[in-house]
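A look at the structure
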Amino acid sequence: MRSVGAILLVVAAIVLPSIGSAQKTYKWTDEHGIVHYGDKVPPEYANRDRTLLNDQGVNVGFEEGEVTPEEAAAAQARETAAEADRKAKEEIARHDRMLLETYISVADIEDLRNRRLELLESQIKLTDVYLSNLRKKLVELQLDAANFKPYSTRPDAPQIPEVLARDISQTTSSISLYEQTLARTRADQATLQKSFDADIARFRELKGG
């Protein structure tokens, strides 16, 4: 009667050669839809996905083909779009939490909106006053400058005094600066109004109307 050790040696002698002789068989489809088999994938089909078969023709694996620059770019674009979509959804969820945690009712949002809009309106009115005063000052300076060169057409008109010329330049610059400030404040006012309108509409949705 054979010992267990002897039986194991016989089994190993039978199995090991078969394992060592196992070959990979690849299955892939070309650009015409024709299926091919082989122990190697030709270079022209390196970009094709393929199935790995065992000696009995059973599917035992899968390998992706080489990625072309176009495929890589498309994959990157999909990944970028998915990431942007994920961040956008996260931002929406964060903003929703903020609305629900900050306000109890629509009236709370409207109260804060009105206070902030009133603050901007005050800034606009103050800037308008500054501009009105500066424009009046510029008119007066220009009237004075009309007696001097280069504003006067009289041949014997003296050259404009340096102080007066500097005042005109500085006043003109100040008017331009305040006009830009006024435009920005009005734009901020419109943006704030739009933002609060959106928050009120979203708050109502979250609260079910």
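Residues numbered from 1 in each chain as written. Predicted model: local features only at pLDDT ≥ 70, side-chain atom pairs only at ≥ 80, totals over all residues. Heavy atoms only, no water.

**Considerations on the overall build of the protein**
- Helix and strand counts for the protein stand at four helices and four strands.
- Starting at the N terminus, the α and β elements of the protein follow one another as α-β-β-β-β-α-α-α.
- A separation threshold of at least 6 residues defines the contact pool for the protein, and within that pool the share at least 24 residues apart is 48%.
- When the accessible surface of the protein is totalled, it reaches about 15,300 Å², and 56% of it is carbon and sulfur. (Helix = DSSP H or I, 4+ residues; strand = E, 2+ residues; numbered from the N terminus. Contact = heavy atoms within 4.5 Å. Areas by Shrake-Rupley, 256 points an atom, 1.4 Å probe, with all protein chains shown as cover.)

**A few points about the sheet that holds strand β1 (residues 25-29)**
- Spatial ordering of the open sheet is given by β2-β1-β3-β4, a layout of four strands whose pairing is antiparallel. Only two strands of the sheet have a single partner each, and these edge strands are β2 (35-38) and β4 (59-63). Averaged over all adjacent pairs, the angle separating strand axes in this sheet is 25 degrees, with direction ignored.
- Note that β1 and strand β3 (residues 50-53) share four bridges and pair antiparallel. Across the sheet, threonine 25 pairs through a bridge with leucine 53, a residue of β3. (Pairing = 2+ DSSP bridges. Axes fitted to C-alpha atoms, helices over the stretch in contact; angles between N-to-C directions.)

**Here's the deal with the side chain of serine 152**
- Its location among the elements puts serine 152 in the loop between α3 (106-145) and α4 (162-206).
- Residue serine 152 is classed as buried on the basis of its relative accessible area, which comes to 14%.
- Side-chain polar atoms of serine 152 contact the backbone nitrogen of arginine 154, separated by 3.2 Å.
- When neighbours within four sequence positions are excluded, serine 152 is seen to be in contact with Ala145, Ala146, Asn147 and Ala157. (Buried < 20%, exposed > 50% of the residue type's maximum accessible area, 1.4 Å probe, protein only. Polar contact = N/O pair within 3.5 Å; in protein donor to acceptor, adjacent residues only side chain to side chain.)

**Quick notes on the pattern of salt bridges**
- Scanning the entire structure with this criterion turns up 12 salt bridges.
- Salt-bridge contacts for glutamate 83 lead to arginine 86; the nearest nitrogen and oxygen are separated by 2.3 Å. With a gap of three residues between them, glutamate 83 and arginine 86 both fall in helix α2 (residues 69-102), about one helical turn apart.
- A relative accessible area of 31% places glutamate 83 in the partly exposed class.
- With a shortest N-O distance of 3.7 Å, aspartate 128 and arginine 186 are connected by a salt bridge. Of this pair, aspartate 128 sits in helix α3 while arginine 186 is found in helix α4, placing the two residues 58 residues apart along the sequence.
- Residue class for aspartate 128 comes out partly exposed when judged on its relative accessible area of 31%.
- Residue arginine 186 is classed as partly exposed on the basis of its relative accessible area, which comes to 43%. (Salt bridge = Lys/Arg side-chain N within 4 Å of Asp/Glu carboxyl O.)

**Let's talk about α4**
- The end-to-end C-alpha separation of α4 is 65 Å, in line with the 66 Å expected for 45 residues at 1.5 Å each.
- Residues of α4 that are buried include every one of Leu164, Ile168, Thr171, Ile175, Leu182, Thr185, Gln189, Leu192, Phe196, Asp199, Ile200 and Phe203, and no others.
- Those residues of α4 that are buried lie in contact with α2 and α3.
- Note on α4: the residue one or two positions beyond its end, glycine 208, has a positive phi of about 80 degrees. (Expected span 1.5 Å × (residues − 1).)

**Concerning the environment of valine 35**
- Of note, valine 35 is situated in strand β2.
- Apart from the residues lying within four places of it in its own chain, the contact partners of valine 35 are Lys27, Trp28 and Thr29.

**As for the environment of lysine 40**
- Inspection of the secondary structure assignment puts lysine 40 in the loop between β2 and β3.
- Along the backbone, lysine 40 and tyrosine 26 are 14 residues apart, and their C-alpha atoms lie at a distance of 6.7 Å.

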